[in-house]
Amino acid sequence: MSTLRMAAAAAEFGRDLEEDFAIAERLIKEARADGVRLLALPEASLGGYLLSLDDDTALDEGPPALALDGPEIRRLAALAGEMTVVAGYCEAGTDGRRYNSVVCVDGDGVLGNHRKVHQPLAEDASYASGDRFHAFDTPVGRIGMMICYDKAFPESARALALDGAEIGVVVSAWPGARTNATTDLAGDRWKRRFDLFDRARALENQIVWVSANQAGTFGSLRFVGSAKVVDPGGDVLADTGVGAGLAVAELDVAQALETARRAMGHLRDRRPETYTYAGAVSA
């Protein structure tokens, strides 16, 4: 039996890159000391998220745009060392556009990169949209990544699972409700949706799910934390609650997937030819 110790972070990141790297380094060291081999940091870990989900680009230049092959990503890779680390950042595309992206690195460099496909509210005023989902191999297994609102669409995680992802890693800057906000985030309805999506995406695809999120506040946003690790049966193995921290869990990933899929294999038992609407066949 070969187990993987993994962790999802709930942490507060902002515009100051040096401060963000200090937080990332602290979390990586904490995870390493606990034997973690896969660590997920939140969306916008390097440079912070947007001040609000309204179109306020005139008031805020947004996070610094970083090149995938630039010094900041190399710095993150050096911090990762023997670990596999996933973190969100604003990507400076070679096409001149900015993307809300997530990168997976280890000490050898970049293992994978994903550009957020689904954009909520006015996010498209700050970022261009990605156009695909794909899984990739890493030292800790085959991983598929997505960002925040991506997980609200079942097709996103399903595309990754069909591409062989054993572990889904989703990084978020998921806030509490914008209207009728509750004082206690533990009872917030947007937090409830965040948690439901995590459990549903793991269960319906029978994969391990690692979900990181921003914590604290930034601009007008108050984030729900709730970083977690979910098994292929949809059960939460570890959860930070609404505060900052690391959700750490250990699992034999291959055995967990085999056990979950033995009787009812959701990917195996699909019937794509029946999933039709308006004459089209769903992928």
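Quick notes on the rules
Residues numbered from 1 in each chain as written. Predicted model: local features only at pLDDT ≥ 70, side-chain atom pairs only at ≥ 80, totals over all residues. Heavy atoms only, no water. Helix = DSSP H or I, 4+ residues; strand = E, 2+ residues; numbered from the N terminus. Buried < 20%, exposed > 50% of the residue type's maximum accessible area, 1.4 Å probe, protein only. Polar contact = N/O pair within 3.5 Å; in protein donor to acceptor, adjacent residues only side chain to side chain. Contact = heavy atoms within 4.5 Å. Axes fitted to C-alpha atoms, helices over the stretch in contact; angles between N-to-C directions. Parallel < 35°, antiparallel > 145°, perpendicular 65-115°, else oblique. Left-handed = near helix turned anticlockwise from the far one by under 90°. Nonpolar A, V, L, I, M, F, W, Y, C, P; charged D, E, K, R; others polar. Core = buried A, V, L, I, M, F, W, Y, C linked by side-chain atoms within 4.5 Å. Phe/Tyr/Trp six-rings, centres within 6.5 Å; stacked < 30°, edge-to-face > 60°. Lys NZ or Arg CZ within 6 Å of the ring centre and 35° of its normal.

Side note on the side chain of N113
Right, so step 1: Turning to its location among the elements, N113 is positioned in strand β6 (residues 109–115).
Right, so step 2: Residue N113 is classed as buried on the basis of its relative accessible area, which comes to 15%.
Right, so step 3: Side-chain polar atoms of N113 contact the side chain of Y89, separated by 2.9 Å.
Right, so step 4: At 3.1 Å, the side chain of N113 and the side chain of E91 are in polar contact.
Right, so step 5: Discounting residues that sit within four places of it in the chain, N113 has contacts with L68, Y89, E91, S101, V102, V103, H134 and M145.

Regarding the packing of helix α3 (residues 154–162) against helix α4 (residues 189–205)
Right, so step 1: Taken N-terminus to C-terminus, the directions of α3 and α4 make an angle of 40°; their axes are 10 Å apart at the nearest point. Looking at the two axes, α3 sits oblique to α4. For the element pair α3 and α4, the recorded crossing hand is right-handed. Facing α3, whose interface residues are P154, A157, R158 and A161, α4 presents R201, E204 and N205.
Right, so step 2: For the contact of α3 with α4, the per-class residue count stands at three nonpolar, one polar and three charged.

Let's talk about the nonpolar core
In globular proteins that are soluble, nonpolar side chains generally tend to be buried together.
Right, so step 1: With 37 residues, the main nonpolar core has M6, L38, I167 and V169 as its most contacted residues.
Right, so step 2: Tallying contributions element by element places strand β1 (residues 4–11) first for this core, with four residues.
Right, so step 3: With near-sequence residues (within four places) excluded, L38 lies in contact with L4, R5, M6, A7, T84, V86, V140, I143, I167 and V210.
Right, so step 4: The next biggest cluster of nonpolar side chains, apart from the first, holds 28 residues, and it includes I73, V85, A87 and Y89.

Remarks on the packing of aromatic side chains
Right, so step 1: Summed over all chains, the structure comprises three aromatic pairs.
Right, so step 2: Judged by centre distance (5.0 Å) and plane angle (80°), the ring pair of Y149 and F153 falls under edge-to-face.
Right, so step 3: By relative accessible area, F153 is classed as partly exposed at 24%.
Right, so step 4: Three or more aromatic residues link up through ring pairs in this structure, and these residues are W174, F194 and F197.
Right, so step 5: Stacked on the ring of Y99, the Lys or Arg R115 has its end atom at 3.8 Å from the ring centre.

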